Amino acid sequence: MNDKLLIDVTRLDKDGEDFEGVLDDAVLELDGDLLRPFAGVRYDLFAQQLGRELLVRGTLAQDFDAVCSRCGGDFDFTVTVPDFTVSVETDDKTEYVDLTDEVRQSIILSLPTYPVCRPDCLGVCASCGKNLNEGPCECTREETDDRWGALDGLKID
Ligand SMILES: [Zn+2]
Ligand SMILES: [Zn+2]
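Residues numbered from 1 in each chain as written. Chains lettered and ligands numbered in written order. Predicted model: local features only at pLDDT ≥ 70, side-chain atom pairs only at ≥ 80, totals over all residues. Heavy atoms only, no water.

### Digging into the coordination of the zinc ion (ligand 1)
And then number 1: Distances from the zinc ion (ligand 1) to its protein donors, Cys68 (SG), Cys71 (SG), Cys117 (SG) and Cys121 (SG), fall at 2.3 Å.
And then number 2: Relative to the metal, the 4 donor atoms surrounding the zinc ion (ligand 1) lie at angles of 105 to 114°, and the coordination shape comes out tetrahedral.
And then number 3: Donor residues for the zinc ion (ligand 1), ordered by position in the chain, follow C-x2-C-x45-C-x3-C. You can see Cys71 sitting in the loop between strand 4 (53-67) and strand 5 (74-89) and its partner Cys121 sitting in the loop between helix 1 (100-109) and helix 2 (138-154), a full 50 residues away along the chain. The burial state of Cys71 is the same as that of Cys121; both residues are buried. (Donors = N, O, S within 2.8 Å, 3.2 Å for Na, K, Ca; no water. Tetrahedral: all angles 85-135°; square planar, octahedral: opposite > 155°, others 65-115°. Helix = DSSP H or I, 4+ residues; strand = E, 2+ residues; numbered from the N terminus. Buried < 20%, exposed > 50% of the residue type's maximum accessible area, 1.4 Å probe, protein only.)

Pasting the structure below:
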């Protein structure tokens, strides 16, 4: 796995070239336990020199081991950047263009602020802490009973 994504502009094909590979996910510099990248950043890019501009476009994908912000459960998910685009000004002296920072920023910007294991995750009960995805807790049952009680109270006539 490479720890830098470099485009060698001196050898770049005039009609453009595909760049595919995996970049070490350490380049993302993510700390903390909520989102742990694994298996590297997959990139599938097309680079072309247009005059003085190096244009690079393609997709990025990164797998994460995550902790759900609602229920605290572990889950895996993939962040994809379907429209990664970078334009770099080059001159006669340019040999390599380093896209590592752009890759890092694109992935980081695509991360969810509050990762959830599934859109309808029920989270944990605020009172007893039980994971409600595994079933209702005692407190929920009481609440439900209260609600029925309130409805009964409305049926006066
Ligand atoms: Zn969850
Ligand atoms: Zn509860």
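### As for the nonpolar core
As a rule of thumb, soluble globular proteins bury nonpolar side chains together.
And then number 1: Core analysis: the largest hydrophobic core is formed by 32 residues, its most contacted members being Ile7, Leu45, Leu54, Leu60, Phe64, Val103 and Ile107.
And then number 2: Secondary-structure elements contributing two or more residues to this core are strand 2 (17-23), strand 3 (35-50), strand 4, strand 5 and helix 1.
And then number 3: When residues in this core are grouped by element, the largest group, 6 residues, is from strand 5.
And then number 4: Residues contacting Phe64, with those up to four places away along its chain left out, are Leu28, Leu30, Leu35, Arg36, Pro37, Phe38, Phe75, Asp76, Phe77, Val79, Ile107 and Leu111. (Core = buried A, V, L, I, M, F, W, Y, C linked by side-chain atoms within 4.5 Å. Contact = heavy atoms within 4.5 Å.)

### A word on the coordination of the zinc ion (ligand 2)
And then number 1: Ligation of the zinc ion (ligand 2) by protein atoms is provided by Cys125 (SG), Cys128 (SG), Cys137 (SG) and Cys139 (SG), these donors lying 2.3 Å from the ion.
And then number 2: Each of the 4 donor atoms bound to the zinc ion (ligand 2) contributes to angles spanning 104 to 114°, and the resulting shape is tetrahedral.
And then number 3: Ordering the donors of the zinc ion (ligand 2) by residue number gives the pattern C-x2-C-x8-C-x1-C.

### A few points about helix 1
And then number 1: Taken together, the buried positions of helix 1 are Thr100, Val103, Arg104, Ser106 and Ile107. One side of helix 1 holds all its buried residues, which, seen down the axis, span an arc of 165°.
And then number 2: Packing partners of the buried residues in helix 1 comprise strand 2, strand 3, strand 4, strand 5 and strand 6 (96-98). (Arc of directions from axis to C-beta.)

### Description of the packing of aromatic side chains
And then number 1: Under the defined criterion, the tally for this structure stands at 2 aromatic pairs.
And then number 2: Ring centres of Phe64 and Phe77 lie 5.5 Å apart, and the angle between their planes is 20°; on these two criteria the pair is classed as stacked. With a gap of 13 residues between them, Phe64 in strand 4 and Phe77 in strand 5 connect regions that are remote in the sequence.
And then number 3: Residue class for Phe64 comes out buried when judged on its relative accessible area of 0%. (Phe/Tyr/Trp six-rings, centres within 6.5 Å; stacked < 30°, edge-to-face > 60°.)

### Some points on the pairing of strand 5
And then number 1: Examined bridge by bridge, strand 4 and strand 5 share 14 bridges and lie antiparallel to one another. Looking across to strand 5, one finds that Asp65 is bridged to Asp76.
And then number 2: Hairpin connection between strand 4 and strand 5: a loop of 6 residues separates the two successive antiparallel strands, and Gly72 in this loop has a positive phi of roughly 80°. (Pairing = 2+ DSSP bridges.)

Structural measurements only, silent on function.
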